[in-house]
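What follows is each chain in one-letter form.
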Amino acid sequence: MEKRAVFPHRVLPYVLLAPQIAVTLVFFVWPASQALYQSLLRQDAFGLRTSFVGLENFAALFRDRDYLHAVAVTAIFSASVSALALSSALVLAVMADRVVRGGRVYRTLLVWPYAVAPAVAGVLWLFLFNPTLGIVAFALRQVGYRWNHLLNGDQAMALVVLAAAWKQVSYNFIFFLAGLAGVGRAVLEAAAIDGAGPARRFVSIVFPLLSPTMFFLVVVNIVYAFFETFGIVHAVTGGGPARATEILVFKVFRDGFVGLDLGRSAAQSVILMAIVIGLTVVQFRYVERKVHY
Amino acid sequence: MVERQSGLTLLTHAVLLAGIAVVAFPIYVTFVASTHTLDDVVRAPMPLLPGHLLVENYRAVLTDGLRSAGGAPVGRMLVNSLVMAVVIAAGKIAISLLSAFAIVYFRFPFRAAAFWTIFLTLMLPVEVRIVPTYKVIADLGMLNSYAGLTVPLIASATATFLFRQFFLTVPDELLEAARIDGAGPLRFFASILVPVSRTSIAALFVILFIYGWNQYLWPLLVTTDEAMYTIVVAIHRMVAVAEAQVEWQGVMATAMLAMVPPIVVVIVMQRWFVKGLVETEK
């Protein structure tokens, strides 16, 4: 789509674009190209000499047990967060869509965790499950289950998944509600007249009509679990115990700032960039978006 | 609802109430813990009804901070967070309005190149290029400054796309009429285009305010001076104190203070919030 009427200026459009382009080049494109460049170099231990090593940093990563472990942790983490956040949001949205009275109140009470910062959400859940003083850990102890996520890697993973999913439910809920509002009442009434009960109507009509929303949300949730949960992991477990919750983004941070291994950290950055680009392409190609150029 | 089934309706309300309980429980416990003494909070099980120290605990963290975490007052951090959130939201909106205006209303060489450069920002989140971006900020001397906290996050492909979409739906007749009345491009932009975009601007502001307020990794890297901490970053430092009892009642009061502003924005501006969320993802 193009405008018929445009302004005939030569210089002005560049002036208008300058701030955005300047910020993009200085803070996005330049650092990304640096990451790309450094991923091909290796520094010696004192940072005195750098040599070109080609793809050696990448090869080393894929030989590194810790890195492969972080890949597996990330896969489990993002699959669990997406599954939990999507399924509970879908149930709540279907219920909220059914409600005639009080629907607005329910909606308001369910959307606000979106506003809570991931790091703060992490601290809240950390407090609930704190092995010595947390109220939920205490309740679990009463029923005979020992909770200590500082020692038990599976429990630590469960805790970061819970905190991350808790925060994402409201986002999914809003989109499912919007999707449900788009399902025609006439179709549902016709099915009801034909004798389909609520469960049958959901399986045969509502769910298939929601599948574009579902697909879109799956991609968004994976992106969220990959890149926006750093604060949760950092605040709740710090990647531990014994790297049990070390997701890829956390590892880049740790290797780059704590381990100071620039080449390897840069190689990890490049791999993550490839993942983001892949997910963005999927989102734009296969999910209905309004952006065309 | 197509038919009436009172059993099903009951189940519906029960599920929704259970959902709300799970959503609200962590916040409720946080609030309760922020109104008790440390001794009450750390003795399991902690009380589940609010205590009497609401005013004292909040006043203590706002003005004196937590002794175990260096004692930086939380009031200052709230100001930092507010500055960061407002500058990021307003900055993103301002530079995106300008670039969308340029892309839609002008024809010039490299227009497509400019568009794709902006599009790139979508593919390069901070998380994937932490170290080199940090180096740029350090080289520019922007560590521990509001500029360092905000400017690098101000580029926005999403906002630019949103405004571009919106501008494309603005009737050409408006521009023609403005031209006949002798308005130049900047006059048209300021007097017509920005005013007709105000609902999109409001919707975007809500989303971007929350985005800015909730930033974590970036302020964690850029600020080392506690006078520049944002509240979201400070909470983690309060919990991660070494060799000292975590002052949970103060941490929880700080957590409440960190949550309340964005939650109020979402609830008060709910209509724009939902609109903004749904539109920025299209």
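For clarity, every value in this text was computed on a predicted model and none was experimentally measured.

Caption draft 1: Broad picture of the overall build of chain B. For chain B, the count of helices and strands is 15 helices and zero strands. Since a compact globule built from 282 residues should have a radius of gyration of about 19 Å, the 24 Å found for chain B marks it as more spread out than a globular shape. When its C-alpha atoms are laid out on the principal axes, chain B stretches across 75 × 65 × 35 Å. Looking at the 282 residues of chain B, the share that counts as buried comes to 47%.

Caption draft 2: Structural detail: the overall build of chain A. Tallying secondary structure elements over chain A gives 12 helices and two strands in all. Scanning chain A from its N terminus toward the C terminus, one meets helices and strands in the order α-β-β-α-α-α-α-α-α-α-α-α-α-α. Since a compact globule built from 293 residues should have a radius of gyration of about 19 Å, the 24 Å found for chain A marks it as more spread out than a globular shape. On the principal axes, the C-alpha backbone points of chain A span a range of 75 × 75 × 30 Å. Expressed as a percentage of its 293 residues, the buried residues of chain A come to 43%. Looking at chain A alone, contacts between residues at least 24 apart form 68% of all its contacts between residues at least 6 apart.

Caption draft 3: Structural detail: the environment of Arg-98 of chain A. All names here are of chain A. Relative to the elements of secondary structure, Arg-98 occurs in helix α3 (residues 65-98). Judged by the 20 C-beta atoms lying within 10 Å of it, Arg-98 is buried. Taking the C-alpha atoms as reference points, Arg-98 and Leu-180, 82 residues apart in sequence, are found 9.9 Å from one another.

Caption draft 4: Expanded view of the interface of chain A and chain B. Taken together, the contact between chain A and chain B spans 84 residues of the former and 85 residues of the latter. Element by element, the count of residues in the side of chain A that touches chain B is highest for helix α1 (residues 12-38) of chain A, at 18 residues. A class-by-class count of the residues in the side of chain A that touches chain B yields 66 nonpolar, 12 polar and six charged.

Caption draft 5: Spatial organisation of helix α13 (residues 231-239) of chain B. Counting buried positions over the nine residues of α13 of chain B gives eight, a clear majority of the element. On its buried side, α13 of chain B packs onto α5 (118-128) and α10 (230-236) of chain A together with α4 (74-105), α12 (217-222) and α14 (248-268) of chain B.

Caption draft 6: How the structure looks around the confidence of the model for chain A. Residue and element names in this part refer to chain A. Confidence along chain A averages 86 in pLDDT terms, with 94% of residues attaining 70 or more. Averaged over each element, pLDDT in chain A is lowest for strand β1 (residues 41-43) (79) and highest for α3 (94). Per-residue pLDDT stays below 50 along residues 289-293; that stretch engages in six contacts with residues further than four places along the chain or on separate chains.

Rules and cut-offs
Residues numbered from 1 in each chain as written. Chains lettered and ligands numbered in written order. Predicted model: local features only at pLDDT ≥ 70, side-chain atom pairs only at ≥ 80, totals over all residues. Helix = DSSP H or I, 4+ residues; strand = E, 2+ residues; numbered from the N terminus. Rg over C-alpha atoms; globule rule 2.2 N^0.38 Å. Buried ≥ 20, exposed ≤ 12 C-beta atoms within 10 Å, placed from the backbone. Contact = placed C-beta atoms within 7 Å. Nonpolar A, V, L, I, M, F, W, Y, C, P; charged D, E, K, R; others polar. pLDDT = per-residue confidence, 0-100.

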